[in-house]
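What the coordinates show
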Amino acid sequence: METLPVLLLSKFNNMNTLSINNLSLTYKNGFQAIKNISLEIGNGMFGLLGPNGAGKSSLMKTIVGLQKPTSGNIIFNGINISKNPDYIKQNLGFLPQDFGVYPKISAFDLLEHIAMLKGIKDRSERKNQILSLLEKVNLSDFRNKEVHTFSGGMRQRFGVAQALLGNPKIIIVDEPTAGLDPEERNRFNSLLNDISKEVIVILSTHLVEDVRNLCSEMAIMNKGELLKKGKPNELIAQLDQKIWSKSIDKNELNNYHSEYQIISQQLIERELHITTFSEVEPKEFIPVNPLLEHVYFHSLTQKM
Ligand SMILES: Nc1ncnc2c1ncn2[C@@H]1O[C@H](COP(=O)(O)OP(=O)(O)O)[C@@H](O)[C@H]1O
Ligand SMILES: [Mg+2]
């Protein structure tokens, strides 16, 4: 009964909601990759940030129904997709981290093949969609080229095109900018930004900058746990007057580690700059305007 209003809303408003409730996943070998995660995600870009091994891909694969959670559930637009995976599959675009399918056929033909797998039966409808998507991802000129000859950036944009086939309501991209050069990364990011207006886009990444530039909501995870969630600006504001820095001699680092909660250290022109989190002003440190990087590093050190 409770799900009815959500369904009606999503029908008339293009509003989508994904609720992840107390989700846990233990792999067959006994390793627990997701530990009791809960998240509410709506239209727009949602950034899932975490270091390698945090469990991001495990979470994405569970959302798209490639693996079943050990406990908890996922509700998409009011429908429990852990029980009814077909609903999300019909409305989903997924660009996995290891999208390794680059056969010796043309971009157009591969998209046509994927469109058929997605159930777009009408031939002219398929063609129209493919041509407009190739335009959107800037690959029109290459539509007759074989995809295995594509550069990294072109492959990722092709990946987005295949994810967008069938007008999905939820698009999940797992570490899409890894391996792209800065220009390709910008182009890719602005493409994601364009498509996120009326759909949910979940972007998993270990790059703070991508989340900062693109996402209105975010979460940080590590070792299978959710450490933080919220709007980037609000998470940053929580660190106001709590981030301090100092340049020190390399040999002193151990002493500082024992005395302060050091969240990052960086070598700048041969000087070691340490950044610390503290509620009160530490002696001889200077205050620093908090950045999303500080939110990230602080949440990672908190749990250890
Ligand atoms: N099929 C699997 N079986 C067992 N452990 C796995 C499997 N897939 C991933 N893992 C482990 O789960 C943890 C999280 O991996 P992953 O979800 O890929 O993290 P991320 O995408 O954040 O780098 C890692 O320690 C990884 O080794
Ligand atoms: Mg991953």
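All of the points below concern the structure found in this document. Only a predicted model underlies this, so the values are computations on that prediction, with no experimental measurement involved. (Residues numbered from 1 in each chain as written. Chains lettered and ligands numbered in written order. Predicted model: local features only at pLDDT ≥ 70, side-chain atom pairs only at ≥ 80, totals over all residues. Heavy atoms only, no water.)

**Focus: the site of ligand 1**
Operational definition: Near is defined per residue: the residue qualifies when any heavy atom it owns lies within 4 Å of the molecule or strand. Nitrogen and oxygen atoms within 3.5 Å of one another constitute a polar contact, given that in protein one can donate a hydrogen and the other can accept it, and given that sequence-neighbouring residues count only through two side-chain atoms. Values of accessible area rely on a 1.4 Å probe in the Shrake-Rupley scheme; residue burial ignores everything except the protein chains shown. Counting from the N terminus, the helices are the DSSP runs of H or I reaching at least four residues and the strands are the DSSP runs of E reaching at least two.
Inspection of the region around ligand 1 gives Tyr27, Asn29, Phe31, Ala33, Pro51, Asn52, Gly53, Ala54, Gly55, Lys56, Ser57 and Ser58 as its neighbouring residues. Between ligand 1 and Gly55 there is a distance of 2.9 Å, counted from an oxygen atom to a backbone nitrogen or oxygen. Between ligand 1 and Lys56, the relevant distance is 2.9 Å, taken from an oxygen atom to a main-chain nitrogen or oxygen of the residue. Across the complex, the protein chains shield 64% of the 560 Å² of accessible surface that ligand 1 would expose by itself. Per-element accounting of the shell around ligand 1 gives the leading share, 3 residues, to helix H2 (residues 56-63).

**What to know about helix H4 (residues 107-117)**
Given 3.6 residues to a turn, an α-helix orients residues that are three or four positions apart in the same direction. As a reminder, the rule being used: Residue exposure (1.4 Å probe, protein chains only): buried if accessible area is under 20% of the type maximum, exposed if over 50%, otherwise partly exposed. Here a residue-residue contact requires only that any non-hydrogen atoms of the pair lie within 4.5 Å.
Taken together, the buried positions of H4 are Ala107, Phe108, Leu110, Leu111, Glu112, Ile114 and Ala115. Contacts made by the buried residues of H4 are with helix H5 (123-136) and helix H6 (152-164).

**Observations concerning the sheet that holds strand E3 (residues 44-49)**
Quick reminder of the rule: Pairing between strands is defined by DSSP: at least two bridges between the two strands are required. For helices, the fitted axis covers only the stretch in contact; all axes are lines through C-alpha atoms, and the angles between them, taken along N-to-C directions, range from 0 to 180 degrees.
Reading across the sheet, the 6 strands line up as E6-E7-E8-E3-E9-E10 and stay open at both edges, with mixed pairing between neighbours. Each end of this open sheet is capped by a strand with a single partner; those strands are strand E6 (92-95) and strand E10 (225-230). Between one strand axis and the next, the sheet turns through 15° on average, direction left out of account. When E3 meets strand E8 (residues 200-205), the two strands line up parallel, connected through 6 bridges. Bridge pairing links Leu48 to Ser204 in E8.

**Brief notes about unusual backbone geometry**
Here the phi dihedral of Asn138 falls at roughly 65°; this positive angle occurs in a residue that is not glycine. Taking the relative accessible area as the measure of exposure, Asn138 reaches 49% and is therefore partly exposed.

**A word on the pattern of salt bridges**
Worth spelling out the cut-off: Take a side-chain nitrogen of Lys or Arg and a carboxyl oxygen of Asp or Glu: if they are within 4 Å of each other, that pair is a salt bridge.
The tally for this structure, following the rule as stated, stands at 8 salt bridges. The residue Lys242 makes a salt bridge to Glu279 at a minimum N-O spacing of 3.7 Å. Separated by 37 residues along the polypeptide, Lys242 in the loop between helix H9 (232-237) and strand E11 (243-248) and Glu279 in the loop between strand E13 (271-277) and strand E14 (286-287) bring together distant segments of the chain. Judged by relative accessible area, which is 57%, Glu279 ranks as exposed.

**Regarding H6**
Our working definition: Expected span of a helix, by definition, is 1.5 Å for each gap between consecutive residues, and there is one gap fewer than residues.
The end-to-end C-alpha distance of H6 is 19 Å, a good match for the 18 Å that 13 residues give at a rise of 1.5 Å each. Burial of H6 is extensive: 11 of the 13 residues sit out of reach of the surface. Residues of H6 that are buried in the fold lie against E6, H4, H5, strand E7 (170-174) and helix H7 (182-195). Once H6 finishes, Gly166 follows within two positions and takes phi at roughly 85°, a positive value.

**Topic: the side chain of Gln156**
Relative to the elements of secondary structure, Gln156 occurs in helix H6. When sequence neighbours within four positions are dropped, the list of residues in contact with Gln156 reads Leu95, Tyr102, Glu175, Pro176, Thr177, Leu180 and Phe188.

**A short note on the coordination of the magnesium ion (ligand 2)**
Selection criterion: Metal sites are built from N, O and S donor atoms within 2.8 Å, or 3.2 Å for Na, K and Ca, and they leave out water, so they may look incomplete.
Distances from the magnesium ion (ligand 2) to its protein donors, Ser57 (OG) and Gln97 (OE1), fall at 2.1 Å. Here the residue Ser57 occupies a position in helix H2, and Gln97 occupies one in the loop between E6 and H4, the gap between them amounting to 40 residues. In this structure Ser57 comes out as buried when scored by relative accessible area, which is 18%. According to the relative accessible area criterion, Gln97 is partly exposed, its value standing at 47%.

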